[in-house]
Amino acid sequence: MNNLELLSVEANISHWQNTKGYKSGAAIGALVLTCAGAAWAIAALANRSGSPPWAFAAVALPVLALITAGVSRLIAIARDSHRGPIDPEANDRARQGRNMGVHFGLVFTVEIVLIALTAILLARIGRPLLIPVAIVAIVGAHFLPLARLFRIPTYGVAGLLLVGASLGSLLIADEALRLFALGLLVAVVLWASAAMVLVRHTGWSSTSDAVAP
């Protein structure tokens, strides 16, 4: 591929990242990360005896803030798209979106199959408390291809952090403490990633700019 072709590809990617579909998808992805983080945090607190009520309230604060921000971005993107120029390559971009959906489906399917097989294996060998640790590692690994697929580097960073957190948690001998610490750490990583995605990939800093359909 020569320099002109590389420039053309980069220009297409840059334009695609300014489309309604890309920015809406990024905002929805941030909301998914937020909810997943909430699930891990609540599970960590619920399974630890003596967790005070205020801890659950503390979890609700970042969740509500991120959900509010994500929904507001979706609304802003929808409004801006009505003022955007007509995209002469809309059909090609729609086809690209469908292809990405297929690849995402494949990655997600592999993730679910690996989680199921790993959970069955660990349960059969009598190590059920390692299942959450394995799930975090698999979920982290699944973010790596998604980072390239969606052109969102934050996913890649989150994936590496989750895999590292999973492996690092094995250093904690107390299994109850391990699951508690891992759950909270996963929540923090997912929430921080959600915030980064909202800021960097939904046009937050350029809300006045038109968004292509």
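For the structure, check the block above.
Residues numbered from 1 in each chain as written. Predicted model: local features only at pLDDT ≥ 70, side-chain atom pairs only at ≥ 80, totals over all residues. Heavy atoms only, no water.

Before going further, it helps to examine the packing of aromatic side chains. Scanning the model with the defined rule gives 4 aromatic pairs in all. When the centroid spacing of 6.1 Å and the interplanar angle of 20 degrees are considered together, the rings of Phe104 and Phe108 count as stacked. In this pair, Phe104 and Phe108 both sit in helix α4 (residues 90-124), 4 residues apart, roughly one turn of the helix. Since its relative accessible area comes to 40%, Phe108 is described here as partly exposed. Centroid distance Phe104 to Phe150: 6.0 Å. Interplanar angle 50 degrees. Geometry classified as tilted. Within this pair, whereas Phe104 is found in helix α4, its partner Phe150 is found in helix α5 (residues 131-150), the two being separated by 46 residues in sequence. Through pairs of rings, three or more aromatic residues link up here, namely Phe104, Phe108, Phe143, Phe150 and Tyr155. Here the basic side chain of Arg48 rests over the ring of Phe180, its NZ or CZ set 4.5 Å away from the ring centre. (Phe/Tyr/Trp six-rings, centres within 6.5 Å; stacked < 30°, edge-to-face > 60°. Helix = DSSP H or I, 4+ residues; strand = E, 2+ residues; numbered from the N terminus. Buried < 20%, exposed > 50% of the residue type's maximum accessible area, 1.4 Å probe, protein only. Lys NZ or Arg CZ within 6 Å of the ring centre and 35° of its normal.)

Let us look at a nonpolar patch on the surface. Together, Ile67, Val71 and Ile75 give the surface a local cluster of nonpolar side chains, amounting to about 210 Å² of exposed area. With respect to the helices and strands, the residue Ile75 is situated in helix α3 (residues 53-81). (Patch = residues over 30% accessible without salt bridge, like charges linked within 9 Å, V, L, I, M, F, W, Y side chains within 5 Å. Areas by Shrake-Rupley, 256 points an atom, 1.4 Å probe, with all protein chains shown as cover. Salt bridge = Lys/Arg side-chain N within 4 Å of Asp/Glu carboxyl O.)

With that out of the way, let us pick up the environment of Ala78. With respect to the element layout, Ala78 can be found in helix α3. A relative accessible area of 30% means that Ala78 is categorised as partly exposed. The sequence separation of Ala78 and Lys23 amounts to 55 residues, and the corresponding C-alpha distance is 9.8 Å.

What follows deals with the nonpolar core. By size, the foremost hydrophobic cluster in this structure holds 39 residues, and its most contacted members are Phe143, Tyr155, Leu162 and Trp191. Of all the elements, helix α7 (residues 175-201) adds the most residues to this core, at 10 residues. Beyond its immediate stretch of four places on either side in the chain, Tyr155 contacts Gly29, Leu33, Phe143, Leu146, Ala147, Phe150 and Val197. (Core = buried A, V, L, I, M, F, W, Y, C linked by side-chain atoms within 4.5 Å. Contact = heavy atoms within 4.5 Å.)

So, on to unusual backbone geometry. Among all residues except glycine, the phi angle is most often negative; among peptide bonds, the trans geometry is most common. At Arg151, a position not held by glycine, the phi torsion is positive, near 60 degrees. Relative to the helices and strands, Arg151 is located in the loop between α5 and α6 (153-169).

With that settled, consider the pattern of salt bridges. In total, this model carries 2 salt bridges according to the counting rule given. Here Arg127 and Glu175 are joined by a salt bridge, their closest N and O atoms 3.4 Å apart. Of this pair, Arg127 sits in the loop between α4 and α5 while Glu175 sits in helix α7, and the two are 48 residues apart along the sequence. A salt bridge links Glu175 to Arg178, with the shortest nitrogen-to-oxygen separation between them at 3.9 Å. You can see Glu175 and its partner Arg178 sitting in helix α7, 3 residues apart, about one turn around the helix. Overall, the relative accessible area of 27% leaves Glu175 in the partly exposed class. A relative accessible area of 6% places Arg178 in the buried class. Beyond isolated ion pairs, a larger network of salt bridges with shared partners links Arg127, Glu175 and Arg178.

A few words on α7. Taking 1.5 Å of rise per residue, the 27 residues of α7 would be expected to cover 39 Å, and the 37 Å separating its terminal C-alpha atoms lies within 8% of that figure. A side-chain oxygen of the first residue of α7 lies 3.0 Å from the backbone nitrogen of Ala176; this N-cap is Asp174. Once α7 ends, the next one or two residues include Gly203, with phi positive near 75 degrees. (Expected span 1.5 Å × (residues − 1). Polar contact = N/O pair within 3.5 Å; in protein donor to acceptor, adjacent residues only side chain to side chain.)

Put simply, α5 and α6 touch, their axes get as near as 7 Å, and they point 165 degrees apart. Put simply, α5 runs roughly antiparallel to α6. As for how α5 packs across α6, the hand of that crossing is left-handed. Facing α5, whose interface residues are Val133, Val136, Ala137, Val139, Gly140, Ala141, Phe143, Leu144, Leu146, Ala147 and Phe150, α6 presents Tyr155, Gly156, Gly159, Leu160, Leu162, Val163, Ser166 and Ser169. (Axes fitted to C-alpha atoms, helices over the stretch in contact; angles between N-to-C directions. Parallel < 35°, antiparallel > 145°, perpendicular 65-115°, else oblique. Left-handed = near helix turned anticlockwise from the far one by under 90°.)

A few words on the side chain of Thr154. The topology assignment puts Thr154 in helix α6. On the accessibility criterion, Thr154 (8% relative accessible area) is buried. Contact partners of Thr154, with chain neighbours within four places excluded, come to Ser193, Met196, Val197, Arg200 and His201.

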